[in-house]
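Observations on the three-dimensional arrangement
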Amino acid sequence: MMAILQCSNLEKTFGYKKALSGVNLSFEKGRIVGLLGPNGSGKSTFIKLCNGLITPTNGTIIIDGKAPGIETKAIVSYLPEQTYLNDWMKVSDIFNFFDDFYADFDIARAREMLSSLGIGEKERLKTLSKGTKEKVQLILVMARQAKLYLLDEPIGGVDPAARDYILSTIIKNYNQDATVVISTHLISDIERVLDDVVFLKNGEVVLLSTVDDIREGKGKSVDALFREVFKC
Amino acid sequence: MNWSFQPDRPIYVQLIERIKLLILSGAYPAGSRLPSVRDMASEASVNPNTLQKALSELEREGLVYTQRTSGRFVTEDENMIKQVKKELAIEQIELVTKKLIEMGFSKEEMLALIESRIKEMK
C-alpha cells in the first residue's frame, strides 16, 4: 500500500534545542494514527513541518508524493492547536471562507454538522464558548474531503462529553481512504479510535505499533504503556 | 448498550463478544440488517477498521453474512444462533463452577445453591 505521508531522517532544531531528530515514519492510507507524547515531545513541531509552516533542518517529508507546499495544502486538512479564526466573524462567514478556499470543502455537510449541534450559522464566534468554538473548528476541518487530516490536540480543551462528540465526528466524517493523524496526551479517551500509535519522546520516535499489538502482546492498554514509558 | 472496553485486551475481540451478545439477545434479530460499519463505529466510538475486523471474524464464524450490494446481515439460521448462545452459556457456567469448586463446594451444594438463587430472583 502506498503511504500518504512519509518522512525520513527528519530533524528540526530551534537554536541549540533539538525539537525532532532522526524521525522516520510512514503512514498508510485509511488509518487513524495517534501521535502521542508528553508536552514538549515534538508533536506540534512534527505537524507544523507536515503543513509547511516551518521547514526541516534536515531530512524530508513527502505527502502524497510531494513536499509540503501549495499542492499538499489542497489535500491536507489541518486543525491547529490554537484558533486562528477572527472573533468578529459569523459562523456563516467562515463557512463561506472555507468554501472559497478549499475545493474539497463540503458546505452542505458542514451545515448539517452545525445544526446537529444546535449552533446557529448567524452566531458570531466571540459569543461562543471555548468548547463550542473548538467544535466549530473541527467541523470546518472535517467537512473537507481531504486525503490527510492533521489534528493537533483536538480534544485538549473540552469536557468529556464534548470529547465523545469530537471523536464520533471524526469517525463519521473522515473518508475511508483518508489518513487521520491525531496528536494528544489524553490517551485513554482516544485509544479506542486509533489503528496505530507513535510515541514521541524528546523529539525521537520511541515506539511505533498498532493498538491491537500493544494490547495483545503486552496485555495492557496504550494508556498504561504510555504511563510506563514516560514515567517521571 | 454501554460500549465500554477492558483496557488489557484487544478491542476487536471485545467488539466480537459485544456484537455476538447483541445478536443472541435479539437486539439484532436473525436475518436483520446490521447498521453500516461507519454508523456502528461512530456509535461505539471505535475505529471503523477495528470494527471491520470484528465483523469479518463474525462472518468467518457464520453469524453474519455480507450481501454484495445491500450490506451486512445477521444469519437467518436461528438454530445456529441458539447453538452459539448455548456455547456461551456453557462457557460462563464453567467459569462459575470452577470457582465454586475451588471454594470447596460439592456438586450437590452448587446445584442446590443455584436453584434456590434462581427461585429468589423471581
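We now turn to the structure provided with this report. (Residues numbered from 1 in each chain as written. Chains lettered and ligands numbered in written order. Predicted model: local features only at pLDDT ≥ 70, side-chain atom pairs only at ≥ 80, totals over all residues. Heavy atoms only, no water.)

Residue and element names in this part refer to chain A. Within the chain, Asn9 stands out as a residue other than glycine whose phi angle is a positive 50 degrees. With respect to the secondary-structure elements, Asn9 resides in strand S1 (residues 3-14). In the Ramachandran plot, Asn202 falls in the positive-phi region, its phi being about 45 degrees despite a non-glycine side chain. Mapped onto the secondary structure, Asn202 falls in the loop between strand S8 (196-201) and strand S9 (204-210). Asn202 gets classed as exposed once you look at its relative accessible area, which sits at 61%. (Helix = DSSP H or I, 4+ residues; strand = E, 2+ residues; numbered from the N terminus. Buried < 20%, exposed > 50% of the residue type's maximum accessible area, 1.4 Å probe, protein only.)

In terms of nonpolar packing, the biggest core is built from 78 residues, with Phe95(A), Met142(A), Tyr149(A), Leu151(A) and Leu51(B) touching the most fellow members. Residue contacts for Leu51(B): discarding those within four places in its chain leaves Leu15(B), Ile19(B), Val37(B), Met40(B), Ala41(B) and Val46(B). Judged by nonpolar contacts, the second largest core, of 25 residues, contains Val23(A), Tyr78(A), Leu148(A) and Val198(A). (Core = buried A, V, L, I, M, F, W, Y, C linked by side-chain atoms within 4.5 Å. Contact = heavy atoms within 4.5 Å.)

Our focus in this paragraph is the side chain of Glu191(A). By secondary structure assignment, the location of Glu191(A) is in the loop between helix H7 (187-190) and S8. Once residues within four sequence positions are removed from consideration, Glu191(A) is found in contact with Val211(A), Arg215(A), Ser221(A), Val222(A), Asp223(A) and Ile11(B).

It is worth spelling out the packing of helix H3 (residues 91-101) of chain A against helix H4 (residues 107-116) of chain A at this point. Residue and element names in this part refer to chain A. Contact geometry for H3 and H4: axes closest at 10 Å, N-to-C directions at 155 degrees. Taken as axis vectors, H3 and H4 run roughly antiparallel relative to one another. At the point where H3 passes H4, the crossing takes the right-handed sense. On H4, the residues touching Val91, Phe95, Asn96 and Asp99 of H3 are Ile107, Ala110, Arg111 and Leu114. (Axes fitted to C-alpha atoms, helices over the stretch in contact; angles between N-to-C directions. Parallel < 35°, antiparallel > 145°, perpendicular 65-115°, else oblique. Left-handed = near helix turned anticlockwise from the far one by under 90°.)

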